[in-house]
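Spelled out, the chains give:
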Amino acid sequence: MNKSPLNYLISVAIIAILWVVFAIFMGDYFSQKPNLADKTPESFANDLRIIFGIGAFIAIICICYWFYYGSLESTASEMDRAKRKWNGNFIFLIIVSVCLTVTLIIMNMKQGIQPQWFCMYFGVLSALTFISFWITSFLLSPLTVKYIPLGKR
Amino acid sequence: MQKNVIIGIGGTGARVIESAIHLCAAGLGPSELNIIIIDPDEANGNLTHTKSLIKEYVELRKKFKNKGDNTLFKTNIVISPSGKFVWNIFQEKDSTLGKYMNYDNLKKNNQTLSDFAEILFTEKELNTGLNEGFRGHPSIGAVVMADPPMDEYPFKLLWDDISTLSANDLRVFIVGSIFGGTGAAGFPTIGSRPLIKFNEKFNATLGGGKSRVLLGGALVLPYFSFSTDSEVDEPMFVTTNDFPIATKAALQYYNDKELGFDQYYFIGDSLAQKVGNFSTGSATQDNYPHYIEMVSAIASFDFFNQPKIDDIPDKKYFIACREMESVDWSMLPLTRDNDKLQEERDRFKQKVSDFTIFAYTYLAYGKGIIAQKHQDVLAEAWYSENFKKNFKESDVQANPRYGENTDLFEVAENYFKDFLFWICSIDKNENAHLIDSNNLLEGDLDIKDRKEIKLKDPTKFKSNIGQIIVERNSGLNFDAFKTRCLQETIIDDKTMYAGNRFLNIFYEASKKFNKINRVIK
């Protein structure tokens, strides 16, 4: 499971499935339930798909980079740097999810969407970004960095 | 059943035994090896070091458990049950030949004999202290070594269980230099026919020219030189200028005498590399190891490993010489059997290389891991894979830092430092190209402090590890050692203490590293 390219493929699949679940299957729920002032639910669903997609895409890049970095032989001698890299990726993805939520808020300020919905979007973005990164790196990191993710150290 | 005994005479004998022990540690020795050392110079630096090395080996072997099929420390080194494995010849300090012969009494009571002694020995020879050896005068040594106490340890070690042995099963190998004093004197006296080969008192002889003893000997010819201070204030001493004439005289004498040896090995080196400064003996006589001593140890293994002989053995003489100025892995005379020579050379190179990388990586990296807390090194995958599961702080089988494991690491560290000092010293003699110590050592070797050997940090000098063994290699670095070797080694033997698992992980990883780093021709 932690061998290339299996770990890359499984990670991409996990994040893609999550995106499909949140953006496609639950897309109608997320776009139709909130009260929208002048935007159609279809247009809002489209916005959500794009924002969730950006989050998922960035998470995929981060996890692929982590796997690539973890498979380099030179990483074996720089465990402290590897820890910093993992922490950096993780925090970066938290920031990404916050930024994307803020983007959603700014884009839809005039729509009068209740705050709890933005909390829910943040939850989805979290699942697609740093939580996905944590789960996939926890389960599928190359052997050299297998014990770096949070909870494994 | 076969019993192997090696008898090292004098400083060279002690140094050959040092080499033999290191080769045994690497897994090249016989299954059992009994050791006896003869040296009147109890404080001799070479002897003192070999004595402590034997004790370290025995202690480490007791604590270290091998994984599966690896042959590390497979040789059971046996010393006398009394713990006395060195025959120092003299009972008291300040012994002289005169005192040994009761020359003063002789003068008073037996004028004829005292006159005879005066013809054989000069006044200087009669009155010079011998506790630092025979100072290049084998004629003195031959007198005092003529009648060793065969019924006391360490010699009694030869005769323990003799009755259970058949013809030629007690294999005794005597090694010493013949260009100095102690070795040149001891070789013909200890190797004389009645003393060991056909000893009647202890039932060595079987009648009809047969014996339970197969006697081999390595005559170590001049192979080193040393710096001599022009202001040496000693009554009797030899310099390297005396070596050729002393050697010639000794060889002529041995040729004339009918000694008990069945097989002889002649080993020497004309390059005469420097191994240290001049010393008549005592603690200051502590020299850098030399590859000729390793070759002599190899000769003993060849002797012990030869097939069983039921009849009267034929006399055999073995000689090996360099084909070029330098010596590399492909030139070592490892066996008398030409068909097996290449196979033996590969095996030898592999075992010595594996142990070298093992000792280096443990000391330069593994030791640092043990010095840290368990929690602080869990990021290291190879460590977590082996020690994270079922970890318990107070369990010797789970925690390599607990209980007996710390004793094991202490003994192992001491031994590994000695091994690396030895193998690096061989490289120090510019003409031996087995390992490249520049890739391993930080600074120079200092014979006065073997345990203070300074090693290069493999995490900083990453590429050095792949260049330590002198051979065509793939140039793998320390990262490759960790990822392709250490991380791929998991030892999950529940019967082993964690410390043993830790060391075995490093050995297995070293084996893998050398295997993938080697370029197959």
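To continue, consider the overall build of chain A. The secondary structure content of chain A amounts to 5 helices and 0 strands. When the helices and strands of chain A are read in sequence order from the N terminus, they spell out α-α-α-α-α. Over its C-alpha atoms, taken along the principal directions, chain A stretches across nearly 55 × 25 × 20 Å. Scored against the burial criterion, the 153 residues of chain A give a buried share of 45%.

The next thing to look at is the overall build of chain B. What chain B contains, in helices and strands, is 17 helices and 14 strands. In terms of overall size, chain B behaves like a compact globule, its C-alpha atoms giving a radius of gyration of 24 Å where 521 residues would be expected to give roughly 24 Å. By residue count, 58% of the 521 residues in chain B fall in the buried class. Across chain B, contacts joining residues at least 24 apart in sequence account for 79% of those joining residues at least 6 apart. Of the accessible surface of chain B, which amounts to about 21800 Å², a share of 47% is contributed by carbon and sulfur atoms.

Residues and elements named next belong to chain B. Going through the model one piece at a time under the given rule, you end up with 25 salt bridges over all chains. The partner of Lys349 in a salt bridge is Glu471, with the nearest N and O atoms 2.9 Å apart. Highlighted residues: Lys349 in helix 13 (residues 341-371) and Glu471 in the loop between strand 14 (432-433) and helix 16 (478-486), separated in sequence by 122 residues. This pair shows no difference in class: Lys349 is buried, exactly as Glu471 is. Between Lys460 and Asp457 there is a salt bridge, with the nearest N and O atoms lying 4.0 Å from each other. We classify Lys460 as exposed; its relative accessible area is 67%. Residue Asp457 is classed as partly exposed on the basis of its relative accessible area of 25%. Put simply, Glu56, Asp418 and Lys451 are held in one network by salt bridges that share partners.

A few words on the packing of helix 15 (residues 404-428) of chain B against helix 17 (residues 498-517) of chain B. Residue and element names in this part refer to chain B. Packing of helix 15 against helix 17 brings their axes to within 8 Å, and their N-to-C directions diverge by 35°. On the side of helix 15, the interface is formed by Asn405, Leu408, Phe409, Ala412 and Phe416, while helix 17 contributes Ala498, Gly499, Asn500, Phe502 and Leu503. When its residues are assigned to classes, the contact of helix 15 with helix 17 shows 7 nonpolar, 3 polar and no charged.

Residues and elements named next belong to chain B. This model, assessed by the stated rule, comprises 0 disulfides over all chains. Cys24 takes part in no disulfide bond, and the closest cysteine sulfur to it belongs to Cys424, at a distance of 20 Å. Classification of Cys24 by relative accessible area gives buried; the value is 0%. Residue classification places Cys424 among the buried residues on the basis of a relative accessible area of 0%.

Residues and elements named next belong to chain B. Summarising burial for strand 2 (residues 32-38): 6 of the 7 residues are buried, a large majority. Across 5 bridges, the pairing between strand 1 (residues 3-9) and strand 2 is parallel. Within strand 2, the residue paired with Ile9 across the bridge is Ile38. Here strand 2 pairs with strand 3 (residues 76-78) via 3 bridges, running parallel. From the neighbouring strand, Leu33 faces strand 3, where its bridge partner is Ile77. Viewed along the sheet, the connection from strand 2 through helix 2 (residues 45-63) into strand 3 turns out right-handed. Examined bridge by bridge, strand 2 and strand 4 (residues 86-87) share 2 bridges and lie parallel to one another. Residue pairing across strands places Ile38 opposite Trp87, the latter belonging to strand 4.

Our next topic: the environment of Cys99 of chain A. Residue placement: Cys99 of chain A occurs in helix 4 (residues 79-107). A C-alpha to C-alpha distance of 22 Å links Cys99 of chain A and Arg84 of chain A, two positions 15 residues apart in sequence.

This paragraph deals with the interface of chain B and chain A. With 17 residues of chain B in contact, the opposing surface of chain A contributes 13 residues. Here chain B meets chain A over a buried area of about 1300 Å², counting both sides, of which 50% is carbon and sulfur. Linking chain B with chain A are 2 salt bridges, by the criterion used here. Arg484 of chain B is the partner of Glu73 of chain A in a salt bridge, and the nearest nitrogen-oxygen pair spans 2.5 Å. At the boundary of chain B with chain A, the tally comes to 7 residue pairs in polar contact (both at pLDDT 80 or more). Ranked by residues supplied to the side of chain B that touches chain A, first place goes to helix 16 of chain B with 6 residues. Across the side of chain B that touches chain A, the residue classes break down as 5 nonpolar, 4 polar and 8 charged.

Tallying each qualifying case throughout the model produces 59 aromatic pairs over all chains. Above the face of the Tyr69 of chain A ring, Lys85 of chain A is positioned so that its terminal group lies 5.1 Å from the ring centre. In this arrangement the basic side chain of Lys456 of chain B is found over the ring face of Phe461 of chain B, its NZ or CZ atom lying 5.3 Å from the centre.

In this section: the confidence of the model for chain B. Scored by pLDDT, chain B has a mean of 88; 92% of the residues are at 70 or more. Across chain B, strand 1 of chain B holds the top mean pLDDT of 97, while strand 11 (residues 273-277) of chain B sits lowest at 62.

Procedures and definitions
- Residues numbered from 1 in each chain as written.
- Chains lettered and ligands numbered in written order.
- Predicted model: local features only at pLDDT ≥ 70, side-chain atom pairs only at ≥ 80, totals over all residues.
- Heavy atoms only, no water.
- Helix = DSSP H or I, 4+ residues; strand = E, 2+ residues; numbered from the N terminus.
- Buried < 20%, exposed > 50% of the residue type's maximum accessible area, 1.4 Å probe, protein only.
- Rg over C-alpha atoms; globule rule 2.2 N^0.38 Å.
- Contact = heavy atoms within 4.5 Å.
- Areas by Shrake-Rupley, 256 points an atom, 1.4 Å probe, with all protein chains shown as cover.
- Salt bridge = Lys/Arg side-chain N within 4 Å of Asp/Glu carboxyl O.
- Axes fitted to C-alpha atoms, helices over the stretch in contact; angles between N-to-C directions.
- Nonpolar A, V, L, I, M, F, W, Y, C, P; charged D, E, K, R; others polar.
- Disulfide = S-S within 2.5 Å.
- Pairing = 2+ DSSP bridges.
- Right-handed = clockwise from strand over helix to strand, strands pointing away.
- Buried area = accessible area lost by both parts, 1.4 Å probe.
- Polar contact = N/O pair within 3.5 Å; in protein donor to acceptor, adjacent residues only side chain to side chain.
- Phe/Tyr/Trp six-rings, centres within 6.5 Å; stacked < 30°, edge-to-face > 60°.
- Lys NZ or Arg CZ within 6 Å of the ring centre and 35° of its normal.
- pLDDT = per-residue confidence, 0-100.

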